[in-house]
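# An overview of the molecular structure
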Amino acid sequence: MTDTVESPAPDRRVKKELRRVQKAQRLRNRELLLLVFAFAITGAAFVLVQFGALGHIELPILVIVAAACALTLVLHIVLRVRASQADPFLVPVALLLTGLGTAMIYRLDLAYEANQGIENSNNGQHQLMFAMLSIVLCIVLVWALSNHRILFRYTYIFGFVGVILLALPFVPFLNGGGNAVVWITVFGFNFQPGEIAKICLAIFFAGYLVRTRESLTSTGKRVLGFTFPRAREFGPLLVIWLISMVIIVLQRDLGTGILIFGMFVAMLYVATGKTGWVLIGVFLAAAGAVAATFVMPYVHNRFNAWIHAFDSDLYNDPSGGSYQLVNGIFGLAHGGMFGTGLGQGRPDLTPVAGSDYIVPSLGEELGLVGVFAILALYLVFVSRGAHVGVAGQDDFGKLLATGLSFTIALQVFIMVGGVTRVIPLTGLTTPFLAAGGSSLVANWLIVAILLRVSDAVRRQPRVVIG
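In this report, the structure presented in the accompanying data block is examined. Keep in mind that this is a model prediction, so the values were computed, not measured.

## What to know about the overall build of the protein chain
Broken down by element type, the protein chain carries 15 helices and four strands. Relative to its full complement of 466 residues, the protein chain shows a buried share of 51%. Counted over contacts in the protein chain with a minimum sequence separation of 6, partners at least 24 positions apart contribute 75%. Looking at the protein chain as shown, the accessible area adds up to about 21300 Å², and 68% of this sits on carbon and sulfur atoms.

This is the structure:
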């Protein structure tokens, strides 16, 4: 009679599962520690705004801030239960950016009331309410979306929905007005459907490129050391370029057109690895911008204000010159290295300081150091999203995470570059910071998707979806 020796495989599986659980706990504990830090900075920002602008503390707004922070704790608990391996940096960074932006919008409300006689300016409270709604929707999506690969099944549906959302502002009874045809009004609330459309189109681009990557990566011609795709593969790029140009022409929205085209080119490069696609994309974007400058007056005016910003005639042009741009630059200069202090500057002197010019507003009161700290937060957010894409366990998740992260990075570059006169200013919002409920909702939905993809990356080995 011989003794039976048990296989050590079950013990190895138990140890592996124990290590996975311990790693998940460390990730979530790290997230909780960072959230506490974000709570402290956000709360301190609102308190400093009140002391600087009012000289005393008003509790009602701080209660709303505390409620928003409490919702973030709920999100943290949901992540412990439903996505324990998710990236621990995304939520704290998104919360801190949202908190700083909302504090500055609230500070502008106080400035408008004190210096310009505008009563009952409550944009800050509205932004806080949208922040709470955004976090709730993020919680719902993290809980409901058990696996991001589900989105791959509905690739073309998301593409169709994205196009419909972009077209909604053209519906007469929905159009919300304004110079750019980008808003709709539903039950008295203004909403920018293009913000949600960019997420739908990112899902569509990722699914489409996964399905067509074989033809897109076929051998092309070598020109000056770069491999350019064959002419018959130009179709998808040309279609997206034409859609972007239609948006610029019909909606008068230069920013959204550039954003969608840039996102597609970036995802196309990640899918194929061909530098030629990037060069062709840059050429098409530059050609479209130059053509728009000569054909469309509003694009020409923006380029003119960029190039000749300090021309006195252009500065004093009441029809829309460089007054806003120059005032924002003066505000940044007034802030200097360390800023005037929260609540002690005059950011309200710049028109639309809470949305288009939120970065100069923060730069005036937080200084160059504060602006660099905010840019560092964006760098952390984008790098974590890109890391999720690089380590993605399937091609769809890789492209989706990369595309969404690049979207945030491109928006930051366009807006910060625009207000600092590096590039012409376009009509976009600075992610998480600027006033705008639709933008804030869309950005927190991006956070939810990146959390789901990052959780899947750490749980599963690499597989390729064909």
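## Considering the nonpolar core
Counting 117 residues, the largest nonpolar core has Phe205, Phe381, Leu400, Phe432, Trp444 and Val447 as its most contacted members. Top element by residues in this core is helix H3 (residues 90–115). It accounts for 15 residues. Excluding residues that lie within four positions of it along the chain, Trp444 makes contacts with Leu75, Val91, Ala94, Leu95, Thr98, Ser134, Ile135, Cys138 and Phe432. Membership of the second largest hydrophobic core comes to five residues, among which are Leu254, Ala292, Met296 and Tyr298.

## Regarding helix H2 (residues 59–82)
The terminal C-alpha atoms of H2, which comprises 24 residues, lie 35 Å apart, in line with the 34 Å expected from a rise of 1.5 Å per residue. Listing the buried residues of H2 in full gives Ile61, Leu62, Ile64, Val65, Ala68, Cys69, Leu71, Thr72, Leu75, His76, Val78 and Leu79.

## A closer look at the environment of Phe170
Assignment of secondary structure puts Phe170 in the loop between helix H5 (155–167) and strand S1 (184–186). Assessed through its relative accessible area of 41%, Phe170 is described here as partly exposed. Along the sequence, Phe170 and Val182 sit 12 residues apart, while their C-alpha atoms lie 8.4 Å from each other.

## So, the packing of helix H14 (residues 395–419) against helix H15 (residues 437–459)
At a closest axis distance of 10 Å, the pairing of H14 and H15 adopts a crossing angle of 145°. Where H14 crosses over H15, the two elements pack in a sense that is left-handed. Contacts between H14 and H15 involve Gly397, Leu400, Ala401, Leu404, Ser405, Ile408 and Gln411 from the former and Asn443, Ile446, Ile449, Leu450 and Val453 from the latter. The residue inventory of the contact of H14 with H15, partitioned by class, reads eight nonpolar, four polar and no charged.

## Side note on the side chain of Lys198
Note on placement: Lys198 falls in helix H6 (residues 193–216). Relative accessible area serves as the criterion here: at 4%, Lys198 is assigned to the buried category. Of note is the side chain of Lys198, whose polar atom sits 2.5 Å from the side chain of Gln411. When sequence neighbours within four positions are dropped, the list of residues in contact with Lys198 reads Leu259, Met263, Thr407, Gln411, Ala442, Asn443 and Ile446.

## Comments concerning the environment of Ile258
With respect to the helices and strands, Ile258 occurs in helix H8 (residues 254–272). Overall, Ile258 belongs to the partly exposed group, its relative accessible area being 35%. Between the C-alpha atoms of Ile258 and Met245, which are 13 residues apart in sequence, the distance is 8.6 Å. Apart from the residues lying within four places of it in its own chain, the contact partners of Ile258 are Leu410, Ile414 and Thr426.

## Details of the packing of aromatic side chains
Taken as a whole, this structure holds 11 aromatic pairs when the rule is applied. Centroid distance Phe204 to Phe205: 5.8 Å. Interplanar angle 50°. Geometry classified as tilted. On the basis of relative accessibility, which here comes to 18%, the residue Phe204 falls in the buried class. Overall, the relative accessible area of 1% leaves Phe205 in the buried class. An angle of 50° between the planes, with centres 6.3 Å apart, marks the rings of Phe310 and Phe330 as tilted. Remark: Phe330 occurs in helix H12 (residues 323–335) and Phe310 occurs in the loop between helix H10 (297–307) and helix H11 (312–315); sequence separation between them is 20 residues. Its guanidinium or amino end placed over the ring of Trp143, Arg82 lies 4.8 Å from that ring's centre, counting from NZ or CZ. Positioned above the aromatic ring of Phe152 is the side chain of Arg211, whose terminal nitrogen or guanidinium carbon lies 4.3 Å from the ring centre.

## Some details on helix H4 (residues 123–144)
Given a rise of 1.5 Å per residue, 22 residues ought to cover 32 Å, and the 31 Å separating the end C-alpha atoms of H4 matches this to within 8%. Among the residues of H4, those classed as buried are Gly124, Gln127, Leu128, Ala131, Met132, Ser134, Ile135, Cys138, Ile139 and Val142. All buried residues of H4 fall inside an arc of 160° around its axis, so they share one side.

The rules behind the values
Residues numbered from 1 in each chain as written. Predicted model: local features only at pLDDT ≥ 70, side-chain atom pairs only at ≥ 80, totals over all residues. Heavy atoms only, no water. Helix = DSSP H or I, 4+ residues; strand = E, 2+ residues; numbered from the N terminus. Buried < 20%, exposed > 50% of the residue type's maximum accessible area, 1.4 Å probe, protein only. Contact = heavy atoms within 4.5 Å. Areas by Shrake-Rupley, 256 points an atom, 1.4 Å probe, with all protein chains shown as cover. Core = buried A, V, L, I, M, F, W, Y, C linked by side-chain atoms within 4.5 Å. Expected span 1.5 Å × (residues − 1). Axes fitted to C-alpha atoms, helices over the stretch in contact; angles between N-to-C directions. Left-handed = near helix turned anticlockwise from the far one by under 90°. Nonpolar A, V, L, I, M, F, W, Y, C, P; charged D, E, K, R; others polar. Polar contact = N/O pair within 3.5 Å; in protein donor to acceptor, adjacent residues only side chain to side chain. Phe/Tyr/Trp six-rings, centres within 6.5 Å; stacked < 30°, edge-to-face > 60°. Lys NZ or Arg CZ within 6 Å of the ring centre and 35° of its normal. Arc of directions from axis to C-beta.

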